[in-house]
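In case you want the letters, here they are:
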Amino acid sequence: MKKTILVVGATGMLGTPVARQLHTDGYEVRVLARSPEKARAKLGDSFVYYKGDVEDPSSLESAVDGCFGVHINLRGGPKAEDFDRIEYGGTANIAKVSASKGVQRITYLSGAATFEENAWFPMVRAKLRSEKAIRESGIPYTIFCATHIMESLSLAVRGKRATVIGKQPHRLHWLAANDYAKMVSKAFQLPEAANKRLFLYGPEAFTMAEAINTYCSIVHPDVKVSSVPIWLLSLVGKVSFNPELQLVADLMHFFEKVGEGGDPSEASSLLGAPTTTLEQWCRQQRNIA
Ligand SMILES: NC(=O)c1ccc[n+]([C@@H]2O[C@H](COP(=O)([O-])OP(=O)(O)OC[C@H]3O[C@@H](n4cnc5c(N)ncnc54)[C@H](OP(=O)(O)O)[C@@H]3O)[C@@H](O)[C@H]2O)c1
């Protein structure tokens, strides 16, 4: 009989590839969504849809019931307090309901900069609290501390312009979402991946400016890449009362200060090292476009 896995946040940029990979690998995949109709329109008929909101634990019960595993892909924000409410509160609710329903594996997307010394940043604080709630649930877990995902490069492009925000000095091992999704699915298949906190890095390191320039030169050759200081973006966010813009400025401030942490060798030997290079991924995107 097929094992069933619930994906929370399957409509998200990093939840969709995981749901698809789990389906490809033979799992029955449930999708929890606030709007199952919108989720079905986006993801198609390969999944079983459940209506639910992670902020309401009672709405999670039927989706979790009978599952072997649960994968959590949540994003808080844009306001600082939303990280705790959505990402931490939601994860804690899922962990509690999962424990009561006998779920055997819970997986969660954290980040490669999720360390106590970075807890001054609300997103990191919420991720640390989420990880703790998962560990304390007693369910065997795999936590993925994934670095920057190649798919997020598209967010730098607006119309005919792409923007590098701030100096961004760190070299980052950009990871393709499909490689990440294969690692998540493999973790559900391996008992040895239980109770691990794994760092996931792609094969090559580039600064944000290098990655955006490569992405634009291959996928959007007509787009002009320029840079903007963080303080200017932050100011525009404040005077236009635009919390999303303010969040981007805060995130870029965080990324400028903090690079990757952790060692990816355990993840790579257990789950298979990611192989997609930035150039290969860009060529795939150009062919899709
Ligand atoms: N981008 C990167 O490079 C990177 C790297 C490492 C880690 N991460 C982490 O990856 C995580 C996910 O990112 P993403 O880009 O996939 O986010 P996203 O596209 O915004 O997706 C978030 C998902 O959460 C769901 N959701 C939000 N509130 C919910 C609620 N109350 N109840 C049920 N579902 C809810 C959304 O569903 P709806 O369809 O209902 O909106 C959506 O499916 C973030 O925590 C981020 O920090 C990102």
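On a predicted model such as this, the values are computed, not experimentally measured, just so you know.

A. Looking closely at the sheet that holds strand β10 (residues 224–228). Across the sheet, which stays open at both edges, the three strands sit in the order β7-β8-β10 with mixed pairing between neighbours. At either end of the open sheet lies a strand with only one pairing partner, and these are β7 (157–158) and β10. Bridging between β7 and strand β8 (residues 161–165) involves two bridges; their strand directions are antiparallel. Pairing of Val-157 across the sheet is with Ala-162, part of β8.

B. Up close: the pattern of salt bridges. This structure, assessed with the given rule, holds 13 salt bridges. Of the charged contacts, one joins Glu-131 and Arg-197 as a salt bridge, the two residues approaching to 2.6 Å between their closest N and O atoms. With Glu-131 in helix α5 (residues 122–136) and Arg-197 in strand β9 (residues 196–200), this pair connects stretches of sequence that are 66 residues apart. For Glu-131, a relative accessible area of 2% corresponds to the buried category. In this structure, Glu-136 and Lys-132 form a salt bridge, with 3.2 Å as the shortest nitrogen-oxygen distance.

C. The pairing of strand β1 (residues 4–8), seen in detail. Summarising burial for β1: five of the five residues are buried, a large majority. Of the two faces of β1, both are covered, the one formed by Thr-4, Leu-6 and Val-8 as well as the one formed by Ile-5 and Val-7. Bridge count between β1 and strand β2 (residues 28–33): five bridges; the pairing is parallel. Looking at β2, one finds that Thr-4 is bridged to Glu-28. In the classification by handedness, the crossover that spans β1, the intervening helix α1 (residues 16–24) and the parallel β2 is right-handed. Sheet topology note: the β1/strand β4 (residues 69–72) ladder contains four bridges and is parallel. Bridge pairing in β4 links Ile-5 to Gly-69.

D. The arrangement of unusual backbone geometry in detail. Here the residue pair Gly-77 and Pro-78 is connected by a cis peptide bond, since its omega of 5 degrees sits within 30 degrees of zero. With respect to the helices and strands, Pro-78 occurs in the loop between β4 and α4 (80–100). Phi at Gln-168 is positive, roughly 45 degrees, even though this residue is not glycine. Looking at the element boundaries, Gln-168 is found in the loop between β8 and α6 (177–189). Residues other than glycine seldom take positive phi values, yet Asn-195 does so here, at roughly 60 degrees. Structurally, the position occupied by Asn-195 is in the loop between α6 and β9.

E. Main features of the layout of surface pockets. A volume near 350 Å³ is recorded for the second largest pocket. For the second largest pocket, the lining is made up of 18 residues, of which Glu-151, Ala-177, Asn-178, Trp-281 and Gln-285 are closest to its centre. Here the lining of the second largest pocket is built from residues that sort into seven nonpolar, seven polar and four charged.

F. Looking closely at a nonpolar patch on the surface. A cluster of nonpolar side chains, namely Trp-231, Leu-232, Leu-235, Val-236 and Val-239, defines an oily patch on the protein surface of about 500 Å² accessible area. Within the element layout of this structure, Trp-231 appears in helix α8 (residues 230–239). Given a relative accessible area of 60%, Trp-231 falls into the exposed group.

G. View of the site of the ligand. Surveying the vicinity of the ligand reveals 22 residues, the closest of which are Thr-11, Leu-14, Leu-74, Arg-75 and Lys-127. The contact in question runs from an oxygen atom of the ligand to an N or O atom on the side chain of Lys-127, over 2.7 Å. In isolation the ligand exposes 930 Å². Once the protein is present, 80% of that is buried. Of all the elements in the fold, those that place two or more residues in the shell around the ligand are α4 and α5. Here the residues of the shell around the ligand sort into nine nonpolar, eight polar and five charged.

H. Molecular detail of helix α7 (residues 208–219). Over its 12 residues, α7 runs 16 Å from end to end, which matches the ideal 16 Å to within 8%, given 1.5 Å per residue. Taken together, the buried positions of α7 are occupied by Met-208, Ala-211, Ile-212, Tyr-215, Cys-216, Ile-218 and Val-219. Tucked inside the fold, the buried residues of α7 contact β7, β8, β10, α9 (243–257) and α11 (278–288).

I. The arrangement of the packing of α4 against α5 in detail. For the pair α4 and α5, interaxial distance at closest approach is 9 Å and the crossing angle is 10 degrees. Comparing the axis directions of α4 and α5 gives the class roughly parallel. Residues Ala-80, Phe-83, Asp-84, Glu-87, Tyr-88, Thr-91, Ala-92 and Ala-95 of α4 lie in contact with α5, whose contacting residues are Pro-122, Met-123, Ala-126, Lys-127, Arg-129, Ser-130, Ala-133 and Ile-134. Across the contact of α4 with α5, the residue classes break down as 10 nonpolar, two polar and four charged.

How each quantity is defined
Residues numbered from 1 in each chain as written. Predicted model: local features only at pLDDT ≥ 70, side-chain atom pairs only at ≥ 80, totals over all residues. Heavy atoms only, no water. Pairing = 2+ DSSP bridges. Helix = DSSP H or I, 4+ residues; strand = E, 2+ residues; numbered from the N terminus. Salt bridge = Lys/Arg side-chain N within 4 Å of Asp/Glu carboxyl O. Buried < 20%, exposed > 50% of the residue type's maximum accessible area, 1.4 Å probe, protein only. Right-handed = clockwise from strand over helix to strand, strands pointing away. 1 Å grid on protein atoms, 1.4 Å probe; cavity = no way out; pocket = protein on both sides within 12 Å on 5 of 7 lines; lining within 4 Å. Points joined across faces, edges and corners; volume = space filled by probe spheres on them. Nonpolar A, V, L, I, M, F, W, Y, C, P; charged D, E, K, R; others polar. Patch = residues over 30% accessible without salt bridge, like charges linked within 9 Å, V, L, I, M, F, W, Y side chains within 5 Å. Areas by Shrake-Rupley, 256 points an atom, 1.4 Å probe, with all protein chains shown as cover. Near = heavy atom within 4 Å. Polar contact = N/O pair within 3.5 Å; in protein donor to acceptor, adjacent residues only side chain to side chain. Expected span 1.5 Å × (residues − 1). Contact = heavy atoms within 4.5 Å. Axes fitted to C-alpha atoms, helices over the stretch in contact; angles between N-to-C directions. Parallel < 35°, antiparallel > 145°, perpendicular 65-115°, else oblique.

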